Amino acid sequence: MDNGASSYRRFLNGDKEGIVEIIRDYKDDLTLYLNTYVRNISTAEELMEEVFVKLVTKKPRFSGKSSFKTWLYAIGRNTALDHLRHVSKLSKTPVDDLYDLADTDENTEYSYIKQEDRLILHKAMQKLKPQYRQVLYLIFFEELNNEQTAQVMRKTKRQIENLVYHAKQSLKSELNKEGFVYEEL
């Protein structure tokens, strides 16, 4: 996807609309990704804003060795890890649990069932190891391929393949404990 890369190049060349396009295109998904680290949607939103502030103020170099999205998510990952290190120094208490993020559809019954399924999946994912949560989120929700996921998580492609396998097994186990079978696993 060259959209982000071309928008970023335009921004670096002085076109402020380029950064507006990047923020519009990536803010929601980046926030959800950051949420897999911090497990608090408000904090994830603040970190997302911090990532975009870094782009505007520091103007890091995008080499093009990966997709723009992969590069942006790597910056997000580093920002989240820095935040977690800072928080762990200040307090030994865990970050608050995620809030229920429900969305609505036209069909109330379908929406309710879909929401319940997501909630069960979301709760099961929160019980997984952080690396398992992250790899599943990047692969299935962000639709990154193994190579892109490896770049974001700073792992080899083989390590990602192993992580995905073990994360799926762990998620299946958690879902089975709840009496739920998720079709796409």
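Residues numbered from 1 in each chain as written. Predicted model: local features only at pLDDT ≥ 70, side-chain atom pairs only at ≥ 80, totals over all residues. Heavy atoms only, no water.

**Topic: the side chain of Asn40**
Mapping Asn40 onto the fold places it in the loop between helix H2 (17-38) and helix H3 (41-58). With a relative accessible area of 7%, Asn40 lands in the buried category. A polar contact of 3.0 Å, which involves the side chain of Asn40, links it to the backbone nitrogen of Ser42. (Helix = DSSP H or I, 4+ residues; strand = E, 2+ residues; numbered from the N terminus. Buried < 20%, exposed > 50% of the residue type's maximum accessible area, 1.4 Å probe, protein only. Polar contact = N/O pair within 3.5 Å; in protein donor to acceptor, adjacent residues only side chain to side chain.)

**Digging into helix H4 (residues 68-90)**
Relative to the 33 Å expected for 23 residues at 1.5 Å per residue, H4 spans 33 Å between its end C-alpha atoms, a close match to the ideal helical length. Turning to H4, its buried residues number three or more, namely Phe68, Lys69, Thr70, Trp71, Leu72, Tyr73, Ile75, Gly76, Arg77, Thr79 and Ala80. (Expected span 1.5 Å × (residues − 1).)

**Notes on the pattern of salt bridges**
Oppositely charged side chains are able to pair whenever their charged atoms sit close together. Throughout the structure, instances matching the rule amount to eight salt bridges. A salt bridge links Asp15 to Arg10; the nearest nitrogen and oxygen atoms lie 3.0 Å apart. For Arg10, a relative accessible area of 30% puts it in the partly exposed group. Arg24 is the partner of Asp25 in a salt bridge, and the nearest nitrogen-oxygen pair spans 3.4 Å. Residue class for Arg24 comes out exposed when judged on its relative accessible area of 51%. If you follow the salt bridges from partner to partner, you end up with Arg10, Asp15 and Glu21 in one network. (Salt bridge = Lys/Arg side-chain N within 4 Å of Asp/Glu carboxyl O.)

**Side note on helix H8 (residues 157-177)**
Side chains that are three or four residues apart share a direction in an α-helix, a result of its 3.6 residues per turn. Counted at 1.5 Å a residue, the expected span for H8 with its 21 residues is 30 Å, and the 30 Å between its end C-alpha atoms agrees. When we look at burial in H8, the residues that qualify are Ile160, Leu163, Val164, Ala167, Leu171, Glu174 and Leu175. Relative to the axis of H8, the buried residues are bounded by an arc of 105° and lie together on one face. Among the exposed residues of H8, those oriented more than 90 degrees off its buried face are Arg158, Asn176 and Lys177. At the exit of H8 stands Gly179, carrying a positive phi of roughly 75°. (Arc of directions from axis to C-beta.)

**Here's the deal with the nonpolar core**
By size, the foremost hydrophobic cluster in this structure holds 44 residues, and its most contacted members are Leu30, Tyr33, Leu55, Phe68, Leu72 and Val135. Of all the secondary structure elements, the ones that give two or more residues to this core are helix H1 (3-12), H2, H3, H4, helix H5 (108-126), helix H6 (130-141), helix H7 (146-153) and H8. Setting aside its immediate chain neighbours within four residues, Leu72 contacts Tyr26, Leu30, Val51, Phe52 and Leu55. (Core = buried A, V, L, I, M, F, W, Y, C linked by side-chain atoms within 4.5 Å. Contact = heavy atoms within 4.5 Å.)

**Things to note about the confidence of the model for the protein chain**
Here the protein chain averages 81 in pLDDT, while 81% of its residues score no lower than 70. Mean pLDDT values over the elements of the protein chain span from 64, in H5, up to 94, in H3. (pLDDT = per-residue confidence, 0-100.)

**Regarding the packing of H4 against H7**
Close contact between H4 and H7 brings their axes to 8 Å; oriented N to C, the two are set at 30°. It follows from the interaxial angle that H4 and H7 lie roughly parallel. For the element pair H4 and H7, the recorded crossing hand is right-handed. Residue-level contacts link Thr70, Tyr73, Ala74 and Arg77 of H4 to Gln148, Gln151, Val152 and Met153 of H7. (Axes fitted to C-alpha atoms, helices over the stretch in contact; angles between N-to-C directions. Parallel < 35°, antiparallel > 145°, perpendicular 65-115°, else oblique. Left-handed = near helix turned anticlockwise from the far one by under 90°.)

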